[in-house]
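Chains, contacts and geometry: an overview
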Amino acid sequence: MKKTNLVLFPVLAALLLAGCTGTRKPRKKKSSSEVPVSSSVTPTPTSGVTPTSQTPTPTSQTPTPTSMTPVPVGDLIATVTLTGCADLDKSGVTDEQGVFSKGGATVTVTKGQCAQSVNDAVNATKTYEFRVYAKMDLTFSCGLDFSKLVIKYSTYKTDSGTTYYFDYDSIEGATNVHDDTKGEATVTLNSKSKTLSVNCYHQTRIASVAFYA
């Protein structure tokens, strides 16, 4: 045997032995984080289902204003209540004067030539019609021109025959027509005005005064 073959034989034997005993390296398993991410796809809604909007339609918070009907000529402007001193400015009452007001209309009671004071009249009224004593003055006034007053008053009549009607027949600048069974007087001005004065030459007891345009 040649010397060369003797040298090669051990080498070949070692290579064959290494080939038989060598182990394969196991494949590295891919982790879940290495799995390629597929593109997200929005699922198509099934037939018959309509997707609803998630944003509610806002409703209007401002109510629609209603138009106001102008007060025609001859209609009511305001009613001032004197019964029980309802519309009286009690903080401003003095012995000389008291003012009732409502809706831009006023009824002013002044002492005038009366022996009693306005405070006396207020204290005597309680829950009934307001007592306007003899020789006191009444002034009716309004921010708008008025043509007519409707005055409601007490129909009480004493055993001696004394009455407290608003039956004054001599009002300067106006005509007074009164129904004493109803306790209602209609005072019509000769011409429209913002004020009218009456001297009460006898006691009267007034429930309310309505002003008409």
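Above this text you will find the structure in question.
Everything in this summary refers to the structure shown in the same document. What you see is a predicted model; the values in this text were computed from it and never measured. (Residues numbered from 1 in each chain as written. Predicted model: local features only at pLDDT ≥ 70, side-chain atom pairs only at ≥ 80, totals over all residues. Heavy atoms only, no water.)

Here we take up unusual backbone geometry. Phi is positive for cysteine 85, close to 60°, though the residue is something other than glycine. Along the chain, the position of cysteine 85 falls in the loop between strand E1 (76-81) and strand E2 (97-102). For cysteine 85, a relative accessible area of 3% corresponds to the buried category. Not every positive phi belongs to a glycine, and lysine 126 is a case in point at roughly 55°. Structurally, lysine 126 can be placed in the loop between helix H2 (118-125) and strand E4 (130-132). (Helix = DSSP H or I, 4+ residues; strand = E, 2+ residues; numbered from the N terminus. Buried < 20%, exposed > 50% of the residue type's maximum accessible area, 1.4 Å probe, protein only.)

Every disulfide links exactly two cysteines, by a covalent bond between their sulfur atoms. With the rule as written, the count across this model stands at 0 disulfides. No disulfide involves cysteine 114; its sulfur sits 9.9 Å from the nearest other cysteine sulfur, which is in cysteine 200. A residue is classified by how much of its surface remains accessible, and cysteine 114, at 3% relative accessible area, is buried. (Disulfide = S-S within 2.5 Å.)

A separate point is the pairing of strand E3 (residues 105-110). Counting buried residues in E3 gives 5 out of 6 residues, a clear majority hidden from the surface. Taken together, the 6 bridges between E2 and E3 define a ladder with antiparallel strand orientation. Paired with phenylalanine 100 across the two strands is valine 107, which belongs to E3. Hairpin remark: E2 followed by E3, antiparallel, with 2 residues in the connecting loop; positive phi at glycine 103, about 60°. Here E3 runs beside strand E5 (residues 136-153); their pairing, made up of 6 bridges, is antiparallel. Bridged to valine 107 within E5 is phenylalanine 140. (Pairing = 2+ DSSP bridges.)

Before going further, it helps to spend a moment on the environment of lysine 111. Its place among the elements puts lysine 111 in the loop between E3 and H2. What makes lysine 111 buried here is its relative accessible area of 18%. Distance from lysine 111 to threonine 94, taken between C-alpha atoms, is 9.6 Å for residues 17 residues apart in sequence.

Let us look at the pattern of salt bridges. Enumeration according to the criterion identifies 2 salt bridges in this entry. A salt bridge links aspartate 145 to lysine 194, with the nearest nitrogen and oxygen atoms 3.0 Å apart. With aspartate 145 in strand E5 and lysine 194 in strand E7 (residues 184-200), the pair connects residues that are 49 residues apart, well separated along the chain. With relative accessibility at 35%, the residue aspartate 145 sits in the partly exposed group. With relative accessibility at 43%, the residue lysine 194 sits in the partly exposed group. Its salt-bridge partner being lysine 182, residue glutamate 184 comes within 4.0 Å of it at the nearest N-O pair. (Salt bridge = Lys/Arg side-chain N within 4 Å of Asp/Glu carboxyl O.)

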